[in-house]
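# Coordinates in review
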Amino acid sequence: MGQTAEYALYPTAYAAIVVGGGHAGCEAALALARCGFSTLLLTQNVDRIGWMSCNPAIGGIGKSHLVAEIDALGGEMARNTDQAGVHYKRLNASRGPAVQALRAQCDKLVYATAIRQTLENTDLLTIKQADVQGLWLEQGQLRGVRSHQGLTFAGQVVVLTAGTFLGAVLHTGMRTQAGGRAGDSPSLGLGDQLRLLGVQTQRHKTGTCPRLDKRSIDFAGLPLDPGLVPPPPMARDGAGAVLPQMPCHMTWTNERTHDLIRENLHRSPMFAGVIAGIGPRYCPSVEDKVVRFADHDRHQLFLEREGWQTQEVYVNGLSTSLPADVQVRMIHSISGLERAEIVRFGYAVEYDAIDPRQLGIDLQLKVLPGLFLAGQVNGTSGYEEAAAQGLAAGLGAVARLRGEPAPVFSRSDSYIGVMIDDLVTRGASEPYRMFTSRAEGRLHLRASNADLRLTPLGRRLGLVGDKAWTAHQQRVDRLAKAKAELETTLVKPTRENLARLEPLGAGTLVAPQSLSTLLCRPELDFQQIAPWVPSWMAAELSPDDQVELITAFRYRGYIAREAIRQARTQRNENLAIPEGLDYASVGGLTTEARTHLTQQRPAHLGHASRLPGVTPAAIAALSFHLTRRLRLRIKPEPGHDAPP
């Protein structure tokens, strides 16, 4: 082997190296290898690839939209979920279809095994167990990574998906130990190296719940949460769930539980000031809930089996870092858990995350080209946010290897675009979680049309295979044909038709109406209008096709108005800002706005508008300055490009 300093150079050079085998690392590695590049996946423990470290579920509000988009682009998370799914439920079912969400509880051992098998059977992808100590740099250029085993691995690009492992510390009460999660070592040295490069980091915190022995739980009297039957598939082109389904149960904390927590807050590392990291606002610990929502006399808990091969039960809603003895008493205070045995105690993990405003929209670190970051290391929370970033970072790395512009996910075309734009412009001072409310165009960004929005991009990039592409084209043709016929097929106000409509409580007809117009009535769906629907639709349109058509008809007026508004703002959104613009020359900017603009160097006015401290007045001043430059066709500033 060749030598580089005290490290031995591994004889095989790779096009890409992915550090970390979590949900982000899996999607990044698969994207790179499937696009034709030799890829090395390095992980501390190959048995933990795709591990569900916290809750055993994929999906949820906003999150299932990300999973649908990963699936549409040719990613793996949705297909892998259906391999392991044991309990599916529909969230926000009483609300409009654009914000409904699918959530699938998984057999966590099956999930990890299935994704590992996919990785191991992917051409051009090599997996090695190695603890990455740092980046290999030569003359300021990224050349690869170095491992604790004394090896240097060469790669043209590196995707870092360190999760919660950078400088990580585990907390259970006042007891602490180094670790990225229970049973795994932290990543030491890599965070220090990033800081030496000028990368700003911040401390984040997350936590997990106790796991109980199912045999010690008294389920009698606990409400049942049976799940959807039959379970709807998470992946569009998959066969759906393959495992037998299992029920969940519900219980609640009570005043006795809350009293125990309040009496022991001084032993909580978060309230005692031991933890400095900021925790997730939308997934707080139970002690945080008791303090923040003091007027609530109980909090709901879900008892979720972790799979068919284990007796462990995850107590969803009871994330905690209280001492072990308090956890025992807390569990025993809850109905049904009076004699429950704790298999694994809950804990908090505090770790380093970078400020994602130091990334480009391709998730490439600005100060070190060739290094892409994805997942919780970017300040996000959740498997789904991590996987979506992993796919985006992998595709950004593919573009760099090809010498092409990176694909741009915009806020108007995807939730992936919303998330990336939020991260690189606003940062993540607390763990970022996706919600449908974050998307201005959520009526258009539906899970049911993720393939219509993104599969052509996945095909162009090389992730969507021939079989999936053929199925996509068939669906596009099928929906277009159905849409045209539904818009042109008229229902006349005959006595027979009125008699059919009257029992449905959907009003009446005073003039001929198209089937597409009738479907806009909330009381009607394809079943109710079946007598008038062309016969081929009943045979060829899937339930998902029907939902997409109905939703498109009902939302099209709102979407059309939103499109006009977005087109009006898009002209300013896409107005490019010269890379070296001197913001001191822009009149009307406050010192705060000028500081943030100078530090972040946004590429477009839309990016600038989402920076902290940049007010609408500042955007108006900047827009006037840029458009005036264009009108006057002034010469560019010395050493800088002219505006396009």
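Residues numbered from 1 in each chain as written. Predicted model: local features only at pLDDT ≥ 70, side-chain atom pairs only at ≥ 80, totals over all residues. Heavy atoms only, no water.

## Describing the state of the cysteines
We apply this condition: When the sulfur atoms of two cysteines come within 2.5 Å, that pair is taken as a disulfide.
Scanning the model with the defined rule gives zero disulfides in all. No disulfide involves C54; its sulfur sits 5.8 Å from the nearest other cysteine sulfur, which is in C209.

## A few points about helix α17 (residues 591–600)
In an α-helix, one turn spans 3.6 residues, which is why side chains three or four residues apart end up on the same side. Basically, it comes down to this: Partly exposed describes any residue whose relative accessible area lies between the buried limit of under 20% and the exposed limit of over 50%, with all areas from a 1.4 Å probe on protein chains only and scaled to the type maximum. We count a stretch as a helix when DSSP gives it H or I for four or more residues in a row; a strand needs E for two or more, and each element gets its number in order from the N terminus. Arc definition: it is the arc formed by the directions from the helix axis to the C-beta atoms. Here a polar contact means two N or O atoms within 3.5 Å. Within protein one must be a hydrogen donor candidate and the other an acceptor candidate, and residues neighboring in sequence count only if both atoms are side-chain atoms.
Within α17 the residues assigned to the buried category are A593, H596, L597 and Q600. Down the axis, α17 shows its buried residues gathered within 100° of arc, on one side only. Within α17, the exposed residues directed more than 90 degrees away from the buried face are T591 and Q599. Its side-chain oxygen placed 3.1 Å from the backbone nitrogen of A593, T590 serves as the N-cap of α17. Of the residues one or two after α17, R601 is the one with positive phi, at around 50°.

## Here we look at the sheet that holds strand β7 (residues 101–106)
Filter applied, for reference: Two strands qualify as a pair provided DSSP detects at least 2 bridges between them. Inter-axis angles, ranging from 0 to 180 degrees, are taken between N-to-C directions of lines fitted to C-alpha atoms, where helices are fitted over the stretch in contact. The contact definition used throughout considers only heavy atoms, calling two residues in contact when any of these lie within 4.5 Å.
Sheet architecture is open: three strands sit in the order β5-β7-β6, paired in antiparallel fashion. Two strands in the sheet have a free side with no partner beyond their single neighbour: β5 (57–59) and β6 (85–91). Taking each pair of neighbouring strands and ignoring which way they run, the sheet shows an average axis angle of 20°. In terms of strand pairing, β6 meets β7 through six bridges, oriented antiparallel. Within β7, the residue paired with H87 across the bridge is Q105. Helix α3 (residues 77–84) rests against β5, β6 and β7 of the sheet, and its axis sits at about 120° to β6.

## What to know about helix α9 (residues 383–402)
Note the threshold: The span you would expect from a helix comes to 1.5 Å times its residue count less one.
Taking 1.5 Å per residue, 20 residues should reach 28 Å; α9 reaches 28 Å between its end C-alpha atoms and fits that length. By the criterion of burial, α9 is predominantly enclosed, with 18 of the 20 residues buried. Positive phi appears at G403, one or two residues downstream of α9, with a value of about 70°.

## What about the sheet that holds strand β21 (residues 347–354)?
Judged by pairing direction, the sheet is antiparallel, and its four strands sit side by side in the order β13-β12-β21-β14 without closing on themselves. Pairing within the sheet leaves two strands with one partner each, and these edge strands are β13 (175–178) and β14 (201–208). Direction aside, neighbouring strands of the sheet carry axes that sit 25° apart on average. Strand direction decides the pairing type here: β14 and β21, joined by eight bridges, are antiparallel. Residue pairing across strands places K205 opposite E350, the latter belonging to β21.

## Topic: the side chain of N264
Tracing the backbone through its elements, the reader meets N264 in the loop between α6 (255–263) and α7 (286–292). From its side chain, N264 meets the backbone oxygen of L260 in a polar contact 2.8 Å long. In contact with N264, other than residues within four places in its own chain, are L322, V326 and R329.

## What about the confidence of the model for the chain?
Filter applied, for reference: pLDDT expresses how confident the predictor is about each individual residue, on a scale running from 0 to 100.
When the pLDDT values of the chain are averaged, the result is 92; 96% of them are 70 or greater. Confidence drops under a pLDDT of 50 for residues 634–644, and excluding neighbours within four residues, the segment shows 16 contacts in the predicted structure.

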